[in-house]
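# Inside the fold
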Amino acid sequence: MRTAQAVAWKEIQVYFGNPMAYIVGLIFLAVTGFFFVLDLGDPFPEASLSNFYQGATIILILLAPALTMRLLAEEQKLGTIELLLTSPVRDWEVIIGKYLASLVFLLSMIMLTLYYPLLLFIFADPDPGPIYSGYLGLILYGSAALSIGILTSTLTSNQIVAFVVSAGVLLLLFFANTGAGVVGGFWATLVNEVGMNSHFGDFSRGVIDTKHIFYFLSVTAFFLFLSIRALESRRWR
Amino acid sequence: MTTEANDDVMIQASGLTHYYGPQPAIEDVNFKVKRGEILGFLGPNGAGKTTTMRIITGFMPPSQGKVTLGGYDVVEQSLQARRKVGYLPETVPLYTEMAVASYLRYMGTLRGMEPKRIKQRISEVIDVCRLGDYHKTIIGKLSKGFRQRVGIAQAILHEPEVLVMDEPTIGIDPIQVVETRKLIQDLGKQQTVVLSSHILPEVSMICERVLIIHQGRIVAEDTPDNLAQRLQGVDQLQVEVGGPPAEVLPALKRVKGVTEVTHRRQQNREIYSVKVQQGQDLRDEISRAVISNGWSLLNLQQVGMSLEDIFLRLTTQEELG
């Protein structure tokens, strides 16, 4: 575990010492800020964050892959993976360490948006339930998105490929439920259950359902597991 | 794991074969390295040196065969084996955005060293590798020679029992080459060192034993002195003569420039191996000698791909600059 921590700590330092991460953070704040203002722009504004949540989940389709694309692809490109994998480090420690670093950066990005609800609490009287549950959903959704990015970064030494593939997968997963109307019966149920958006909806409405929590946690675990396997298989290629 | 008899064998490789595609990069490579020995892999580029080193260090498993390192199988007991190794890959891959000292601290933690020990060892290796003025410099700003030193520093940081270095002096300037060789020799006093090179004098200078690897196979194994002797050696011709061996043999020996003649009978054919001093073409003289005695010359050919030919493909002189 200490090595996983070391990997995470090193990557966190890279994140915070690198302009790329700040650009990602800036775009995240700009876009979510825009959606937050949409919430307030109505003639009869409602003191809620539902538009903000929708905007945050959509922009994360692009930003989560941007945060993770470097993590393993660059090691493979530069060859530093050769020294990493010949150190007495377990493959899961590498993946978990890198993942934790990206999670820390994502959480700090999300923390910066806390002044939106703060403004609401100061100037209005919002229903606190949806605000708390929405943030919980956003964090769960973000963790799942990052795990997909980790997998694609493990599979290639090309950061652009890692970015495009994980953004594509995330986009498909996110909007999968909208395809439910096209197909019927069993497939509609399946597609609806796989789609991230359908699981996120309840959170932004103030409902915390363990089914949805379980969904996001298993997506995260599944993709992290695949990443570990992919890194292992790298040794055999 | 270690048996009594193998106590001083640090690395044992048996039957290593590795395929990247249909062609094997290395084929049936066997060798042993004793504790405290400095072993050199000598071979032209693309001979399979890097592949062999990547297998020893546990970076990738061999397609076939097995390596044990300090008694641990590098595939089955990879983690224990990797704890014993310090590795300097050929291109010296480093995190260019990190400062030297924090990079070394990171590598130390990955090797499971205690923070106090890391701190102490960093100042030691910075001394040994003469990185003193640069410990706060970002690696990306260092010259090739200094990056090489950082690479060596990380390889010896955790005082590994085995040090594996792939072309440790490639691409650095001559003065640094001399320093680096000296450093490796010093390290070899306590540690087992395996290094690769395509420069013959370098290997002879540093190593106690040399393996010559060519097209994925080990073609010779000896001490540098013995190899040098074999190198001064000779070209070989194979001659088939129709005539009484008792007379042919001395006749061939009389030809000027011939150092040694051996005779063997193979499927009723009289075959002579004729060694001649290197660089001399004696085919003309030998054929004359045979024919003037009234014997028939049935075959005369130079023996293909001898050790000497492989040596010729190696850099036998120091590159300047």
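Reading the values: rules and limits
- Residues numbered from 1 in each chain as written.
- Chains lettered and ligands numbered in written order.
- Predicted model: local features only at pLDDT ≥ 70, side-chain atom pairs only at ≥ 80, totals over all residues.
- Heavy atoms only, no water.
- pLDDT = per-residue confidence, 0-100.
- Helix = DSSP H or I, 4+ residues; strand = E, 2+ residues; numbered from the N terminus.
- Pairing = 2+ DSSP bridges.
- Salt bridge = Lys/Arg side-chain N within 4 Å of Asp/Glu carboxyl O.
- Buried < 20%, exposed > 50% of the residue type's maximum accessible area, 1.4 Å probe, protein only.
- Domains from an automatic or database assignment.
- Core = buried A, V, L, I, M, F, W, Y, C linked by side-chain atoms within 4.5 Å.
- Contact = heavy atoms within 4.5 Å.
- Axes fitted to C-alpha atoms, helices over the stretch in contact; angles between N-to-C directions.
- Patch = residues over 30% accessible without salt bridge, like charges linked within 9 Å, V, L, I, M, F, W, Y side chains within 5 Å.
- Areas by Shrake-Rupley, 256 points an atom, 1.4 Å probe, with all protein chains shown as cover.
- Parallel < 35°, antiparallel > 145°, perpendicular 65-115°, else oblique.
- Left-handed = near helix turned anticlockwise from the far one by under 90°.
- Nonpolar A, V, L, I, M, F, W, Y, C, P; charged D, E, K, R; others polar.
- Buried area = accessible area lost by both parts, 1.4 Å probe.
- Polar contact = N/O pair within 3.5 Å; in protein donor to acceptor, adjacent residues only side chain to side chain.
- Phe/Tyr/Trp six-rings, centres within 6.5 Å; stacked < 30°, edge-to-face > 60°.
- Lys NZ or Arg CZ within 6 Å of the ring centre and 35° of its normal.

## Notes on the confidence of the model for chain A
Mean pLDDT over chain A works out to 91, with 99% of the residues at or above the 70 mark. Helix α9 (residues 185-194) of chain A is the least confidently modelled element of chain A, averaging 84 in pLDDT, while helix α5 (residues 91-112) of chain A averages 96, the highest of any element.

## Quick look at the pairing of strand β10 (residues 217-222) of chain B
Residue and element names in this part refer to chain B. Pairing analysis gives 5 bridges linking strand β9 (residues 209-214) to β10, with the strands arranged antiparallel. Bridging across to β10, Leu211 finds its partner in Glu221. Turn length for the β9-β10 hairpin, with the two strands adjacent in sequence and antiparallel, is 2 residues, and the turn residue Gln215 shows positive phi of about 50°.

## Description of the pattern of salt bridges
Residue and element names in this part refer to chain B. Counted by the stated rule, this structure contains 27 salt bridges over all chains. Between Asp284 and Arg288 there is a salt bridge; the shortest N-O distance is 3.3 Å. One end of the pair is Asp284 and the other is Arg288, both in helix α10 (residues 283-292) and 4 residues apart, which spans about a single turn. Arg288 gets classed as exposed once you look at its relative accessible area, which sits at 55%.

## Considerations on the domain arrangement of chain B
Along its sequence, chain B is organised into domain 1 (4-229) and domain 2 (233-310). Once you take the C-alpha centre of each, domain 1 of chain B and domain 2 of chain B turn out to be 44 Å apart.

## Re the nonpolar core
Ranked by size, the top nonpolar core spans 133 residues in total, and within it Leu49(A), Met196(A), Phe216(A), Ile11(B), Phe31(B), Tyr103(B) and Tyr106(B) carry the most contacts. When residues in this core are grouped by element, the largest group, 12 residues, is from helix α3 (residues 50-78) of chain A. If we skip the residues at most four places from it in the chain, Leu49(A) touches Phe36(A), Asp39(A), Tyr116(A), Pro117(A), Leu120(A), Ile131(A) and Tyr135(A). Membership of the second largest hydrophobic core comes to 17 residues, among which are Val239(B), Val258(B), Val276(B) and Ile286(B).

## What about the sheet that holds strand β1 (residues 9-19) of chain B?
All names here are of chain B. What the 4 strands build is an open sheet, ordered β2-β1-β4-β5; its pairing is antiparallel. Taken across any chain shown, the strands that pair with only one partner, and hence form the sheet edges, are β2 (24-34) and β5 (72-73). Bridge analysis of strand β4 (residues 64-69) against β5 gives 2 bridges, and the strand direction is antiparallel. Directly across from Thr68, in β5, lies its bridge partner Asp73. Against the sheet, helix α1 (residues 49-56) contacts β1, β2 and β4, and its axis sits at roughly 60° relative to β2.

## Some words on a nonpolar patch on the surface
There is a patch of nonpolar side chains on the surface, built from Val182(A), Val183(A), Phe186(A), Trp187(A), Leu190(A) and Val194(A) and spanning about 600 Å² of accessible area. Following the sequence through the fold, Trp187(A) ends up in helix α9.

## Comments concerning the packing of helix α7 (residues 128-155) of chain A against helix α8 (residues 159-175) of chain A
All names here are of chain A. Closest axis-to-axis distance for the α7/α8 pair is 8 Å, and the angle between their directions is 140°. As judged from the angle between their axes, α7 and α8 are oblique. The hand of the α7/α8 crossing is right-handed. Along its contact with α7, which presents Tyr141, Ala145, Ile148, Gly149, Thr152 and Ser153, the element α8 presents Ala162, Val165, Ser166, Val169, Leu170, Leu173 and Phe174. Broken down by class, the residue content of the contact of α7 with α8 amounts to 9 nonpolar, 4 polar and no charged.

## Points about the interface of chain A and chain B
In many reports, interface size means the accessible area that the parts give up when they come together. At the interface, 23 residues of chain A touch 28 residues of chain B. The largest contributions to the chain A side of the interface with chain B come from Glu82(A), Leu83(A) and Pro88(A), which together make up 28% of the buried area. Where chain A packs against chain B, one counts 1 salt bridge. When the shortest N-O distance is used, the salt bridge between Glu82(A) and Arg54(B) registers 3.0 Å. At the boundary of chain A with chain B, the tally comes to 8 residue pairs in polar contact (both at pLDDT 80 or more).

## A word on the packing of aromatic side chains
Throughout the structure, instances matching the rule amount to 22 aromatic pairs over all chains. Both rings, one in Tyr141(A) and one in Phe174(A), keep their centres 5.7 Å apart while their planes meet at 65°; by these two values the pair is edge-to-face. Highlighted residues: Tyr141(A) in helix α7 and Phe174(A) in helix α8, separated in sequence by 33 residues. Aromatic side chains Tyr95(B) and Tyr106(B) sit 5.9 Å apart centroid to centroid with 65° between the ring planes, which places their arrangement in the edge-to-face category. One end of the pair, Tyr95(B), is in the loop between β6 (85-88) and α3 (100-110); the other, Tyr106(B), is in helix α3, with 11 residues separating them in the sequence. On the basis of relative accessible area, Tyr106(B) is assigned to the buried category, the value being 5%. When the ring centre of Tyr95(B) is taken as origin, the NZ or CZ atom of Lys10(A), which lies over that ring, is 3.7 Å away. A cation over a ring is seen here: Arg70(A) above Tyr15(A), with NZ or CZ 5.9 Å from the ring centre.

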